[in-house]
Amino acid sequence: MTYAENNLILYLTYLIYNIKCIKDIRNTRMLVDEIRKQYKEAEPIFVNDLKTDDISRPALTQQLGTLCRNHVIEKFDNGIYYIPKKSRLQNSVGPSADTIARYKYVTDGKTVKGFYSGYTFANQLGITTQVPARVEIVSNNTSAIVREVVIGKQRFIVRKPAVKINADNVYVLQLLDILKDFDKYSEESYESAGEKVREFLKSHGIRKEDIDRYLRKYPASVFRYYYELEMKNVFT
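Residues numbered from 1 in each chain as written. Predicted model: local features only at pLDDT ≥ 70, side-chain atom pairs only at ≥ 80, totals over all residues. Heavy atoms only, no water.

Asker: How should I be thinking about the pairing of strand β9 (residues 154-159) in this particular structure?
Answerer: As a general feature of sheets, a regular strand has side chains that alternate between the two faces. Here strand β7 (residues 135-139) pairs with β9 via 4 bridges, running parallel. Across the sheet, the residue bridging to glutamate 136 is isoleucine 157, located in β9. Of the strand pairs in this sheet, strand β8 (residues 146-151) and β9 are connected by 6 bridges, and their pairing is antiparallel. The partner of valine 146 across the bridge, within β9, is arginine 159. The turn joining β8 and β9, which pair antiparallel and follow one another in sequence, is formed by 2 residues; a positive phi near 65 degrees is taken by glycine 152. (Pairing = 2+ DSSP bridges. Helix = DSSP H or I, 4+ residues; strand = E, 2+ residues; numbered from the N terminus.)

And the structure:
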């Protein structure tokens, strides 16, 4: 190889390296703009939700690492990041495990993906004072019938729904789900519990046809509680 050829190869190598660096800088800036546009401080950022069609997964991982080292974002766990929020003590504050679970499995404020169930919902409904050790969720965002999910140091039970959940049917399905094992969750008399269930129906504008549309997707026990809790009285 001649001296001139060697210099040409070195020049081309240098040129390619610089082009790559420029492209990486551009992609990183685009990623930062995307994150700041889509997410608020202390809001979970799931890698799989990032719109990065022009960036390969290895390159994305590298760029997220760079942003972490520069404190633009912080890493909560594998695949989960957030824009740090400064507290009054100037400490970096991120999302809680409950917030991450809600965004991933229940709703991110834009799309309804699931609902709280079991003792978690029973407590919200006011038919029990028990606070579960593990929050229970029914969600579209799982392929397993039931699985335990660990987020940070907190454990969650996530179940697959009988019917796909959306903004229109979420409260109907949430109620029908707890009716499957109502006696297990309720500490109230049928009269007292029935009042709270009927109030839930009214507050969420649930109609008889909404119930009828999904009732047959659930076990026979749901029919029993439907009548014993006098839910039909709401529709008369």
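Having seen the model, we can carry on.
Asker: Quick question: what am I supposed to make of the sheet that holds β8 here?
Answerer: Paired through backbone hydrogen bonds, the strands of a sheet run either parallel or antiparallel to each other. On the basis of which strands lie adjacent, the open sheet formed by 4 strands has the order β6-β7-β9-β8 and mixed pairing. Pairing within the sheet leaves two strands with one partner each, and these edge strands are β6 (114-116) and β8. Going across the sheet, the axis of each strand differs from the next one's by a mean of 30 degrees, ignoring polarity. Contacting β6 and β7, helix α4 (residues 118-125) runs over the sheet at an angle of about 100 degrees to β7. (Axes fitted to C-alpha atoms, helices over the stretch in contact; angles between N-to-C directions. Contact = heavy atoms within 4.5 Å.)

Asker: I tried to follow the environment of valine 146 on my own but got confused; where do I start?
Answerer: With respect to the element layout, valine 146 can be found in strand β8. Along the backbone, valine 146 and arginine 159 are 13 residues apart, and their C-alpha atoms lie at a distance of 4.3 Å. Setting aside residues up to four positions removed in sequence, valine 146 forms contacts with Ile157, Val158 and Arg159.

Asker: Before we go on, may I ask you to explain the packing of aromatic side chains in this structure?
Answerer: Each aromatic ring pair is summarised here by two numbers: the centre-to-centre distance and the angle between the ring planes. In the structure shown here, the tally under the stated rule is 6 aromatic pairs. With a centroid separation of 4.8 Å and 85 degrees between ring planes, the pair formed by tyrosine 119 and tyrosine 185 is classed as edge-to-face. Here tyrosine 119, found in helix α4, pairs with tyrosine 185, found in helix α6 (residues 182-185); they are 66 residues apart in sequence, far enough to count as distant. Tyrosine 119 gets classed as buried once you look at its relative accessible area, which sits at 18%. Classification of tyrosine 185 by relative accessible area gives buried; the value is 9%. For the ring pair phenylalanine 121 and phenylalanine 200, a centre distance of 5.4 Å and an interplane angle of 70 degrees mean the geometry is edge-to-face. Here the residue phenylalanine 121 occupies a position in helix α4, and phenylalanine 200 occupies one in helix α7 (residues 190-203), the gap between them amounting to 79 residues. Residue class for phenylalanine 121 comes out buried when judged on its relative accessible area of 3%. (Phe/Tyr/Trp six-rings, centres within 6.5 Å; stacked < 30°, edge-to-face > 60°. Buried < 20%, exposed > 50% of the residue type's maximum accessible area, 1.4 Å probe, protein only.)

Asker: So what exactly am I meant to see when it comes to the nonpolar core here?
Answerer: Note on soluble globular proteins: their nonpolar side chains tend to be buried together. Formed by 32 residues in total, the largest nonpolar core has its most connected members in Leu176, Ile178, Leu179, Phe182, Ile211, Leu229 and Met231. Apart from the residues within four sequence positions on either side, leucine 229 is in contact with Leu179, Phe182, Tyr190, Ala193, Gly194, Val197 and Arg198. (Core = buried A, V, L, I, M, F, W, Y, C linked by side-chain atoms within 4.5 Å.)

Asker: Explain the confidence of the model for the chain here, please?
Answerer: Overall, the prediction assigns the chain a mean pLDDT of 84, with 84% of residues at 70 or greater. β6 holds the highest mean pLDDT among the elements of the chain, 98, whereas helix α1 (residues 3-38) holds the lowest, 53. Contacts for the low-pLDDT stretch residues 3-23, under 50 throughout, to residues beyond four places or in other chains number 2 contacts. (pLDDT = per-residue confidence, 0-100.)

Asker: Explain the layout of surface pockets here, please?
Answerer: Reported here for the largest pocket is a volume of approximately 320 Å³. Surrounding the largest pocket, 14 residues form its lining, Gln38, Tyr39, Asp49, Asp108 and Lys110 being those nearest its centre. Looking at the lining of the largest pocket residue by residue, the classes come out as 5 nonpolar, 1 polar and 8 charged. (1 Å grid on protein atoms, 1.4 Å probe; cavity = no way out; pocket = protein on both sides within 12 Å on 5 of 7 lines; lining within 4 Å. Points joined across faces, edges and corners; volume = space filled by probe spheres on them. Nonpolar A, V, L, I, M, F, W, Y, C, P; charged D, E, K, R; others polar.)

Asker: Would you mind showing me how to read the packing of α4 against helix α5 (residues 170-179) here?
Answerer: For the pair α4 and α5, interaxial distance at closest approach is 10 Å and the crossing angle is 110 degrees. One element, α4, and the other, α5, form an angle in the roughly perpendicular class. Counted together, Gly118, Phe121, Ala122 and Gln124 of α4 and Gln174, Leu175 and Ile178 of α5 form the full contact between these two elements. Along the lines of polarity and charge, the residues of the contact of α4 with α5 split into 4 nonpolar, 3 polar and no charged. (Parallel < 35°, antiparallel > 145°, perpendicular 65-115°, else oblique.)

Asker: Before we go on, may I ask you to explain the pairing of β7 in this structure?
Answerer: The buried fraction of β7 amounts to 5 of the 5 residues, a majority that puts the element mostly inside the structure. Of the two faces of β7, the one lined by Val135, Ile137 and Ser139 and the one lined by Glu136 and Val138 are each fully buried.

Asker: Would you take a moment to explain unusual backbone geometry for this structure?
Answerer: Across residues other than glycine, the phi torsion is negative in most instances, and most of the peptide bonds are trans. For alanine 42, which is not glycine, the phi torsion reads 65 degrees and is therefore positive. Mapped onto the secondary structure, alanine 42 falls in the loop between α1 and β1 (45-46). The class of alanine 42 is buried, set by a relative accessible area of 18%. With a phi close to 55 degrees, glutamate 230 is a non-glycine residue in the positive phi region. Within the element layout of this structure, glutamate 230 appears in the segment after α9 (220-228). Taking relative accessible area as the criterion, glutamate 230 reaches 37% and is therefore assigned partly exposed.

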